[in-house]
Amino acid sequence: MPATPRGATFRRRIRSAGGQVIRRFGLLPAGTPDGRGEDAALLGTSWPYEVLVYFADTPEALYQLEQWYEALRALDAEHPVVVVTRDSRTAAAVRRDSGLAVRTVAHYTTLDDVLGRSTTRLALYVNHNPENFTCLRFGSLVHASLMHGDSDKVVTVSNQTKAYDFSFVAGQAAVERMARFSTLYDAHARCVPVGRPQLDGQLRLRSETERGPVPTILYAPTWEGGQPSAEYGSVATHGLRLVRTLVESGRYRVVYRPHPLTGVRDAAYGDADAAIREYLGSVPAPAGAKPHATDTHRDVGPAFADADLLVCDVSGVAMDWLATGAPIVVTRPAGAAMIATSPLLDLAPALPVEGLEQLLELVDREVRDDPSRSERLRLREHYLGDTTPGAATRRFVAACEDLMAVRDREVARIERELSR
């Protein structure tokens, strides 16, 4: 059939105009980048950034990037960093809060044009968004996965990790987890332990915070996960009953810190989350203590600083809490999520749904006696490396510099091959 360029051009113009209206008025489905890029201004230019942080998500997922701001600012002080987004709303929030350079690039051809003119050497990623492949195609960069937390979830041993040249991990525990549970992957060669730079500020804040007269229990569950096999969350199964039991005992102050994505896949989680918030907002404060509260602060540091014991799910929160040295109780999912054996999960008291009857007895014992403290402190370095404030940030910057040196050697090697 002969081509009809005039008709096709007209249809393309209609589709383009319609897309612009949809994007401008925010009518896109949740999670869809608006694609309102700076492409026209960027084409034909170069930029001075050595490090590119690629973040293709919409603002709902910004918590994944936000936890890296402080470490990225430290890296930017030595090697210029740019955050590349595909969503103008995300870009505005990052620009406002991070102190980093931000560019919104909607089209692969724009990124190809700019990187071909620039001296960018390293690309970093904080999640496994499929759109990451837009940037992963560039062989002139070394690509490293940062992710947004370390945990004993089996889902953290993702086959997607193989897409990156290297994976920054918190400690030796993560390397061993990848070596045990991944296939055809040399974890010892490709995983780079850098600690958790996020903990540097959190530990300083905790050391400056006075303990209250009534112990504070922090309940920080994860969300329901993207699919049932990753449903480690306890909000719908444990949440309200757990919180009520602790509050009504009169012995504890409770702070509830929900995951930002709670309820996005399963309405039961959203309903349970709302019920917990409403309940904590209606009960009086324990005698002589601050009120019970729901914490939605972007930084987990203030919640960690106040707490004497953490109740959480199998998630990255458990790993970060290890740095505090304080006791921890880890729930067990009621659904199909797989629980792998690990040193921390073997050590920390478990809280299945059927164990809620013994919740107060368990929490009383842990707050009063903390029987696993010495073993837990030994695990801290295994999971997190050196937790001295500032040490992880220095390791992170040094690891980025090492990868840029690897990139330079590889590019020089390929250039020699091409010149033969």
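Residues numbered from 1 in each chain as written. Predicted model: local features only at pLDDT ≥ 70, side-chain atom pairs only at ≥ 80, totals over all residues. Heavy atoms only, no water.

### Some thoughts on the overall build of the protein
Keep this limit in mind: What counts as a helix is a DSSP run of H or I of at least four residues, what counts as a strand is a run of E of at least two, and both are numbered from the N terminus. For each residue, the accessible area found with a 1.4 Å probe, counting protein chains only, is set against the maximum for its type, and the residue is called buried under 20%, exposed over 50%, and partly exposed in between. Note on definitions: a residue-residue contact is assigned when non-hydrogen atoms from the two residues lie within 4.5 Å. Calculation of accessible area relied on Shrake-Rupley with a 1.4 Å probe; when residues are assessed, cover is drawn exclusively from the protein chains displayed. For the purpose of counting charges, residues Lys and Arg are taken to be positive, whereas Asp and Glu are taken to be negative. His and the chain ends are not included. Charged groups are reduced to one reference atom each: NZ for lysine, CZ for arginine, CG for aspartic acid, CD for glutamic acid.
Within the protein, the secondary structure is distributed over 18 helices and 13 strands. Taking all 420 residues of the protein together, 50% fall into the buried category. Taking all contacts inside the protein whose residues are at least 6 apart in sequence as the whole, residues at least 24 apart take part in 71%. For the protein, the accessible surface area stands at approximately 19,400 Å², while carbon and sulfur atoms represent 53% of it. For the protein, the distance from the average position of its 49 positive side-chain charges to the average position of its 53 negative side-chain charges is 6 Å.

### Quick word on the side chain of threonine 216
Its place among the elements puts threonine 216 in strand 8 (residues 216-220). Relative accessible area serves as the criterion here: at 5%, threonine 216 is assigned to the buried category. The residues touching threonine 216, leaving out its near neighbours within four places in the chain, are Arg253, Val255, Asp306, Ala307, Asp308 and Leu309.

### As for the sheet that holds strand 2 (residues 81-85)
Worth spelling out the cut-off: Pairing between strands requires that DSSP locate at least two bridges from one strand to the other. Axis definition: a line fitted to C-alpha atoms, limited for helices to the stretch in contact. Angles are taken between N-to-C directions and run from 0 to 180 degrees.
With parallel pairing, the 7 strands of this open sheet are ordered in space as 3-2-1-4-5-6-7. The open sheet has two edge strands, strand 3 (101-104) and strand 7 (191-193), and neither has a second partner. Strand-to-strand twist of the sheet, defined as the mean angle between neighbouring strand axes without regard to direction, takes the value 30 degrees. Where strand 2 meets strand 3, 4 bridges bridge the pair, whose relative direction is parallel. In the sheet register, valine 82 faces strand 3, and the bridge partner there is alanine 101. In the packing of helix 4 (residues 69-78) onto the sheet, the strands contacted are strand 1 (51-55), strand 2 and strand 4 (122-125), and the crossing angle to strand 2 comes to about 130 degrees.

### Remarks on the pattern of salt bridges
As a reminder of what qualifies: One speaks of a salt bridge when a side-chain nitrogen belonging to Lys or Arg is within 4 Å of a carboxyl oxygen belonging to Asp or Glu.
One pass over the structure, following the stated rule, counts 27 salt bridges. A salt bridge links arginine 204 to glutamate 70; the shortest N-O distance between them is 3.6 Å. Of the two residues, arginine 204 is situated in helix 10 (residues 199-207) and glutamate 70 in helix 4; the sequence distance between them amounts to 134 residues. Note that glutamate 131 is salt-bridged to arginine 86, the shortest N-O span being 3.8 Å. Here glutamate 131 is found in the loop between strand 4 and helix 7 (133-136), whereas its partner arginine 86 is found in the loop between strand 2 and helix 5 (88-98), with 45 residues between them in sequence. Within the structure, one salt-bridge network assembled from shared partners comprises Glu50, Arg121, Arg407 and Asp408.

### Focus: the packing of aromatic side chains
As a reminder, the rule being used: Stacked, edge-to-face and tilted labels apply to pairs of Phe, Tyr and Trp rings (six-membered ring for Trp) whose centres lie within 6.5 Å, assigned for plane angles under 30 degrees, over 60, and everything in between, in that order. Whether a charge sits over a ring comes down to the Lys NZ or Arg CZ being within 6 Å of the ring centre and within 35 degrees of the ring normal.
Applying the stated criterion to the full structure yields 8 aromatic pairs. Seen in terms of ring centroids, tryptophan 47 and tyrosine 49 are 5.8 Å apart; in terms of plane orientation they differ by 65 degrees. Their pairing is edge-to-face. Tyrosine 49 carries the same exposure label as tryptophan 47, and that label is buried. Site record: aromatic cluster; members linked through ring pairs are Tyr54, Tyr125 and Tyr164. In this arrangement the basic side chain of arginine 137 is found over the ring face of tyrosine 108, its NZ or CZ atom lying 4.3 Å from the centre.

### Some thoughts on the sheet that holds strand 10 (residues 293-294)
Taken in spatial order, the 6 strands make up an open sheet running 10-9-8-11-12-13, and their pairing is parallel. With one partner strand each, in any of the chains shown, strand 10 and strand 13 (350-351) form the two edges of the open sheet. In terms of strand pairing, strand 8 meets strand 9 (residues 253-256) through 4 bridges, oriented parallel. Considered in strand 9, the bridge of isoleucine 217 is made with valine 254. Running at roughly 170 degrees to strand 8, helix 11 (residues 235-249) makes contact with strand 8, strand 9, strand 11 (309-312), strand 12 (328-331) and strand 13 of the sheet.

### Here we look at the pairing of strand 5 (residues 142-145)
Alternating positions in strand 5 separate into two faces, Val142 and Ala144 on one and His143 and Ser145 on the other, with burial throughout. In terms of strand pairing, strand 4 meets strand 5 through 4 bridges, oriented parallel. For tyrosine 125, the partnering residue across the bridge sits in strand 5 and is serine 145. Pairing of strand 5 with strand 6 (residues 166-169) involves 2 bridges; the strand directions are parallel. Across the sheet, alanine 144 pairs through a bridge with phenylalanine 166, a residue of strand 6.

### A short note on the confidence of the model for the protein
Keep this limit in mind: Summary of the metric used: pLDDT quantifies the predictor's per-residue confidence within the range 0 to 100.
Looking at the protein as a whole, the pLDDT averages 92, with 93% of positions reaching at least 70. Segment residues 10-25: pLDDT under 50, and 8 contacts once partners within four positions in sequence are set aside and those in other chains are kept.

### As for helix 11
A turn of α-helix holds 3.6 residues, and therefore any two residues three or four places apart point the same way. Cut-off, in case you're wondering: Here the expected length of a helix is defined as 1.5 Å per residue gap, with one fewer gap than residues. By arc we mean the arc of the directions from the helix axis to the C-beta atoms, nothing more.
With 15 residues, helix 11 should reach 21 Å at 1.5 Å per residue; the first-to-last C-alpha distance of 20 Å fits that figure. All of the buried residues in helix 11 are Val235, His238, Gly239, Leu242, Val243, Leu246 and Val247. The buried side chains of helix 11 occupy one side of the element, clustering within an arc of 135 degrees when seen end-on. Just past helix 11, the residue glycine 250 takes up positive phi, approximately 75 degrees.

### Topic: the side chain of threonine 85
As a reminder, the rule being used: Here a polar contact is taken to be a pair of N or O atoms separated by no more than 3.5 Å, where protein atoms must pair a possible hydrogen donor with a possible acceptor and residues adjacent in sequence count only if both atoms sit in side chains.
For threonine 85, the location among the structural elements is in strand 2. A polar contact is formed between the side chain of threonine 85 and the side chain of threonine 104, at a distance of 3.3 Å. In this structure threonine 85 touches Phe55, Thr90, Ala91, Val102, Arg103, Thr104 and Val105, once residues within four positions along its chain are discounted.

### Brief notes about unusual backbone geometry
With the exception of glycine, the majority of residues adopt a negative phi angle, and the majority of peptide bonds are in the trans configuration. Of note, methionine 147 is a non-glycine position whose phi angle comes to about 60 degrees, a positive value. Of note, the phi angle at leucine 184 is positive, near 55 degrees, even though the residue is not glycine. Here leucine 184 shows up in the loop between helix 8 (172-181) and helix 9 (187-190). Residue leucine 184 is classed as exposed on the basis of its relative accessible area, which comes to 83%.

### Points about the packing of helix 4 against helix 18 (residues 391-419)
Relative orientation and spacing of two packed helices are given, respectively, by the angle between their axes and the distance between those axes. Heads up, the condition is: For classification purposes, an angle smaller than 35 degrees is called roughly parallel, one larger than 145 roughly antiparallel, one from 65 to 115 roughly perpendicular, and anything else oblique. The hand of a helix crossing depends on one turn: near helix anticlockwise from the far one by less than a right angle means left-handed, and clockwise means right-handed. Any residue outside Ala, Val, Leu, Ile, Met, Phe, Trp, Tyr, Cys, Pro, Asp, Glu, Lys and Arg is labelled polar, Gly included; the first ten of those are nonpolar and the last four are charged.
Helix 18 packs onto helix 4 with a crossing angle of 50 degrees between their chain directions and a minimal axis gap of 9 Å. By the angle between their axes, helix 4 is oblique relative to helix 18. Crossing hand, helix 4 versus helix 18: right-handed. Contact with helix 4, carried on its side by Ala71, Leu72, Ala74, Leu75 and Glu78, involves Thr393, Phe396, Val397, Cys400 and Glu401 of helix 18 and no other residues of that element. Its residues placed into classes, the contact of helix 4 with helix 18 shows 7 nonpolar, 1 polar and 2 charged.

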